[in-house]
Amino acid sequence: MKKIPVLLLGCGGVGRHLLHHIVSCRSLHANQGIRLRVVGVCDSKCLVVVPDVFSMEFSDNFLLEVCRVKSDSLSLLTLSGSGECQVFTDSELTKKIIDTAALLNKSTGLVLVDCSASSETIGVLNRAVDLGCCVVLANKKPVTSKMEDYDTLVSHPRRIRHESTVGAGLPVIASLNRILSSGDPVHRIIGSLSGTLGYVMSQVEDGKPFSQVVKSAKTLGYTEPDPRDDLSGMDVARKALILARLLGSRLNMDSIKIESLYPGEMGPDVMSVEEFLENGVLLLDKDIQERVHKASLKGNVLRYLEIYSRCYSEQPLVIQGAGAGNDTTAAGVLADILDLQDLFP
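The model shown is predicted, which means the values in this text are computed figures rather than measured ones.

Is there a simple way to explain the side chain of H29 in this structure?
Tracing the backbone through its elements, the reader meets H29 in helix α2 (residues 26–31). Overall, the relative accessible area of 3% leaves H29 in the buried class. With residues near it in sequence (within four places) discarded, H29 still touches I34, L36, L334 and L338.

Here's what the structure looks like:
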């Protein structure tokens with residue numbers, strides 16, 4: 001049985017669904033000769049880790065308890081009395097992750113999985129890559145940060161996977177990499193790069209108020225933790241930047257022009273997420289309805305991704321499906337972890 005140690009950063013919707021997938025797929029993975037050995041789980045303030053990362057792993061019951069605790073918006077600190085974990089906070093948290101990466105990489109290796117929505121993980125991810133660990137990302141921010149950080153992350157391409165940063169579980173990056181590795185130059189990529197905005201706008205087209213749809217999308221797990229990441233166009237810009245960098249462009253975020261769906265006075269530095277969802281988004285209903293109507297008159301609403309290359313010039317490669325949602329994204333993350341199995345003893 002090939003055992004793959006996993007340390008998870010982020011216990012939001014995607015992270016919790018990933019833990020559920022790992023537990024529910026035990027028999028399937030066993031038939032494939034694989035066991036994912038979760039040795040640590042981290043939220044924004046706390047890391048829980050097994051006492052001995054070489055020989056121990058969290059039980060499935062403990063992983064499900066982690067999901068329950070985080071679903072109730074509680075801290076992982078509440079698990080400190082379980083006897084199954086050690087708890088680290090603040091500066092100790094990062095040091096313990098790096099120490100774990102250093103220890104395991106000398107023997108079994110480690111997959112560091114980032115399902116957070118934070119830019120604060122970039123430093124620890126870069127350090128883990130330097131130590132020889134594998135990295136799997138659902139978090140877009142590490143691969144859309146400055147080129148120096150990006151170059152470090154992708155310096156060992158066999159050890160990094162980030163399919164779920166674009167299109168959730170859709171095989172966008174894998175398909176693009178296959179085309180590029182065959183020497184087929186990509187000319188254009190056209191499509192709806194946000195399944196979230198696709199869902200929101202299609203619902204608005206059906207006559208539902210924008211504010212109601214945004215709240216619903218947040219509840220369903222379609223949006224980023226702060227829906228304004230989607231509504232500002234920033235989430236789309238990050239995906240566009242990821243694809244552009246895959247094609248060889250050395251661009252930074254400030255090279256991309258972004259038009260927000262909300263005004264600056266509703267931004268994160270002015271208004272909390274709760275206040276935006278309660279009051280701010282209601283003020284956008286009329287303007288958004290007018291924008292959607294004007295776009296529909298021009299036939300400018302897209303619901304799929306098209307890739308044009310030399311081989312796909314007359315008939316482009318079309319990738320279509322659910323491009324958002326915690327469950328779908330987590331499934332893509334799980335597939336990325338399993339795709340690294342050949343790198344483990």
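How should I be thinking about the packing of helix α1 (residues 13–24) against helix α14 (residues 326–339) in this particular structure?
To describe two helices that pack against each other, one gives the angle between their axes and the distance between the axes. Contact geometry of α1 with α14 gives a least axis separation of 8 Å together with a crossing angle of 60 degrees. As judged from the angle between their axes, α1 and α14 are oblique. The interaxial crossing formed by α1 with α14 has right-handed handedness. Contact residues: G13, V14, H17, L18, H21 and I22 in α1; N326, D327, T329, A330, A331, V333, L334 and I337 in α14. Classifying every residue of the contact of α1 with α14 by side-chain character gives eight nonpolar, five polar and one charged.

Can you walk me through the packing of aromatic side chains in this structure?
Two aromatic rings are characterised by how far apart their centres lie and by the angle between their planes. Tallied over the full model, the rule gives three aromatic pairs. Here the aromatic rings of Y199 and Y222 are separated by 4.9 Å at their centres, their planes lie at 80 degrees, and the arrangement is edge-to-face. Residue Y199 is located in helix α8 (residues 195–205), and its partner Y222 is located in the loop between α9 (210–220) and α10 (228–231); the two are separated by 23 residues in the primary sequence. Above the ring of Y150, the side-chain terminus of R245 is found at 4.8 Å from the ring centroid.

Conventions and cut-offs
- Residues numbered from 1 in each chain as written.
- Predicted model: local features only at pLDDT ≥ 70, side-chain atom pairs only at ≥ 80, totals over all residues.
- Heavy atoms only, no water.
- Helix = DSSP H or I, 4+ residues; strand = E, 2+ residues; numbered from the N terminus.
- Buried < 20%, exposed > 50% of the residue type's maximum accessible area, 1.4 Å probe, protein only.
- Contact = heavy atoms within 4.5 Å.
- Axes fitted to C-alpha atoms, helices over the stretch in contact; angles between N-to-C directions.
- Parallel < 35°, antiparallel > 145°, perpendicular 65-115°, else oblique.
- Left-handed = near helix turned anticlockwise from the far one by under 90°.
- Nonpolar A, V, L, I, M, F, W, Y, C, P; charged D, E, K, R; others polar.
- Phe/Tyr/Trp six-rings, centres within 6.5 Å; stacked < 30°, edge-to-face > 60°.
- Lys NZ or Arg CZ within 6 Å of the ring centre and 35° of its normal.

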